[in-house]
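# Structure assessment
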Amino acid sequence: MVHSPQSVVIADVTVYAATDTGPRWLSGCDVVVEAGVVTAIGPGAGSGSKLPVADGCGGHLLPGFVNTHTHLQQAVLRGAGEGLPLLEWLRCVGEHTVAATAEQTYLSALAGGLELLRGGVTTVVEHMWPNPSGEVHDAALRALAELGIRVVFGRGVADRADASRRWGLDPRLMQPLPTVFDHIDELDGRLAGSRITTALAVPNPRCLTADGMAAVGEYARRHDKTISIHLSETGTDDEMCRLHAGYSAVDYLDAGGLLGPRTLAVHCCHLDEYARRMLSEREVAVSYNPLSNMRLGSGIAPIPQLLRAGVEVGLGVDGAASNDTQDMLLALRMGAYLQRVAHARADVLGFDAMLRMATRGAARALGRSEGATGVAVGDSGDLTLIRFDRDFACLPVRDPGATLLTAASPRVVDTVWVDGEAVIRDGHSTRVSEADLVKRLSNMQ
């Protein structure tokens, strides 16, 4: 799976660039990517270069989006459990997860990953549900490697069994922790040099015992891994942790040593001031998933309060069974609008704040450079070219940022580069046959 970073000059674009005075749009620029790294930005920066040239045609260039949370196995489960409360929905989706085959998983990851790429996402944090099947994991990884997207692949882990899923996980999906750790070690060896790295994906605080938390935390620290964990999506985490352990969910995780700079807490709809302060003190990042929270009626994450407390916040779309699309631009818009409704203010979370959330927000937890908002020299060549003239509903463009936030859809995504390689061109994959994928998905039983 070893890949070679590529080089390109992206000519004549308006680039959303990081500057000493903050991010701003710079028109008439070339962006030079050499061996997968941005080396120059500016008018004529690519003049005289012998590198391949991609004509930006006056389009708008952004850092690629980082989707901090999804479940790609759900891309073929759209609409499953519609209208059910969260725990009933989990049982419904859980039955599909237990029954998932390698072929279904492959097609689901291919479809979900391609949808993300076509929406401008260059990095995805995949939260794989625990599964004892090596073939299922290999199928998902094969699909993602074929697409060329950058992946933080969360390998599911749990050690408390409970068929009801209230204080534990479906026992049919579980394996002993040493077996899981050995599998991650094996994957690391196979994935070395690729665009895919591994992480630990914990379904929620209720799925790990005290010993399990200690083991997961020690393994993650020793191998410098991200821990992705659903936290306080509803009030069930706090309710169950207090009932069985005498702690709130946040204190339960903290006592187990799972809160730290490489922890990515997902959802966090029900955090009081104490919990927000604890996440800030432990340098935990949060993944904000507004569309799935709305779809499942989970609540509204206190994002402005978390940001004021110093918590880094990234943006996620969540799985297609709880969101139904993998549309990052829609998540960008609804993430802002939901907070504006909650706070009865139109000046909450504008374009600059939302774009930082969508590109840099959880960087430290993912082991990435935090950096400034916008494209900067030294960044990886993970870039998205927007062409507003691909959709008349975005024209005329008075303010590119406002148009992206309020009107843009994947229709305006023209080209997506990962490591300097164009994996999407003219809105379509350069690596996989979309016609074949449509045929295979249409024929699924």
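Please read all numbers here as calculations on a predicted model, not as lab measurements. (Residues numbered from 1 in each chain as written. Predicted model: local features only at pLDDT ≥ 70, side-chain atom pairs only at ≥ 80, totals over all residues. Heavy atoms only, no water.)

## Some details on the UniProt feature "domain: Amidohydrolase-related" (unreviewed entry) in the chain
UniProt records the feature "domain: Amidohydrolase-related" (unreviewed entry) at residues 61-423, using the numbering of this structure. This span, residues 61-423, is 40% helix and 17% strand, and a straight line between its end C-alpha atoms measures 15 Å. (UniProt positions renumbered as here; feature names shortened; annotations may be inferred. Helix = DSSP H or I, 4+ residues; strand = E, 2+ residues; numbered from the N terminus.)

## Examining the pattern of salt bridges
Once their charged atoms are close, side chains differing in charge can pair, the charge on each being opposite to the other. Taken as a whole, this structure holds 31 salt bridges when the rule is applied. In this structure, Arg282 engages Asp254 in a salt bridge whose closest nitrogen and oxygen atoms are separated by 2.8 Å. Taken together, the residues Arg282 in the loop between helix H8 (273-281) and strand S12 (285-288) and Asp254 in helix H7 (residues 249-255) connect sequence positions 28 residues apart. On the basis of relative accessibility, which here comes to 21%, the residue Asp254 falls in the partly exposed class. Its salt-bridge partner being Arg364, residue Glu283 comes within 3.6 Å of it at the nearest N-O pair. Here Arg364 lies in the loop between helix H12 (351-359) and strand S14 (383-386) and Glu283 lies in the loop between H8 and S12, a separation of 81 residues in the sequence. Ionic contacts of the salt-bridge type, sharing partners, join the residues Arg150, Arg195, Asp382, Asp419, Glu421 and Arg431 into one network. (Salt bridge = Lys/Arg side-chain N within 4 Å of Asp/Glu carboxyl O. Buried < 20%, exposed > 50% of the residue type's maximum accessible area, 1.4 Å probe, protein only.)

## Examining unusual backbone geometry
For the peptide bond that leads from Leu395 to Pro396, omega is -5 degrees, which places it in the cis range. Looking at where Pro396 falls in the secondary structure, it is placed in the loop between S14 and helix H13 (400-406). A positive phi angle is found at His267, which is not glycine, with a value near 85 degrees. Along the chain, His267 turns up in strand S11 (residues 263-267).

## A few points about the sheet that holds S11
Each strand in a sheet pairs with another by means of backbone hydrogen bonds, the pair being arranged parallel or else antiparallel. Pairing within the open sheet is parallel, and its eight strands lie in the order S6-S7-S8-S9-S10-S11-S12-S13. Among the strands making up the open sheet, the edge pair consists of strand S6 (65-70) and strand S13 (313-315). For this sheet, the mean inter-axis angle between neighbouring strands, taken without regard to orientation, is 25 degrees. In the sheet, strand S8 (residues 150-156) pairs with strand S9 (residues 196-202) via six bridges, with the strands oriented parallel. (Pairing = 2+ DSSP bridges. Axes fitted to C-alpha atoms, helices over the stretch in contact; angles between N-to-C directions.)

## Considerations on the packing of aromatic side chains
Scanning all chains against the criterion turns up five aromatic pairs. The interplanar angle of 75 degrees and the centroid separation of 5.3 Å between the aromatic rings of Tyr16 and Phe351 together place this pair among those described as edge-to-face. Of the two residues, Tyr16 is situated in strand S1 (residues 8-17) and Phe351 in helix H12; the sequence distance between them amounts to 335 residues. For Phe351, a relative accessible area of 10% translates into the label buried. The interplanar angle of 5 degrees and the centroid separation of 4.4 Å between the aromatic rings of Phe181 and Tyr219 together place this pair among those described as stacked. Residue Phe181 is found in helix H4 (residues 177-191), and its partner Tyr219 is found in helix H5 (residues 210-223); the two are separated by 38 residues along the sequence. In textbook terms, an aromatic cluster arises when at least three aromatic residues are bridged by ring pairs, as seen for Tyr16, Trp25 and Phe351. A cation over a ring is seen here: Arg142 above Tyr106, with NZ or CZ 4.0 Å from the ring centre. (Phe/Tyr/Trp six-rings, centres within 6.5 Å; stacked < 30°, edge-to-face > 60°. Lys NZ or Arg CZ within 6 Å of the ring centre and 35° of its normal.)

## What about a nonpolar patch on the surface?
The grouping of Phe392, Leu395 and Val397 at the surface amounts to a nonpolar patch, some 310 Å² of accessible area in total. Secondary-structure assignment places Phe392 in the loop between S14 and H13. Its relative accessible area of 71% is what places Phe392 among the exposed residues. (Patch = residues over 30% accessible without salt bridge, like charges linked within 9 Å, V, L, I, M, F, W, Y side chains within 5 Å. Areas by Shrake-Rupley, 256 points an atom, 1.4 Å probe, with all protein chains shown as cover.)

## Here we look at the packing of helix H3 (residues 134-147) against H4
Look at H3 against H4: their axes get within 13 Å of each other, and the N-to-C directions meet at 30 degrees. Relative to H4, the element H3 lies roughly parallel. Where H3 crosses over H4, the handedness of that crossing is right-handed. Seen from H3, the contacting residues are His137, Asp138 and Leu141; seen from H4, they are His183, Leu187, Arg190 and Leu191. (Parallel < 35°, antiparallel > 145°, perpendicular 65-115°, else oblique. Left-handed = near helix turned anticlockwise from the far one by under 90°. Contact = heavy atoms within 4.5 Å.)

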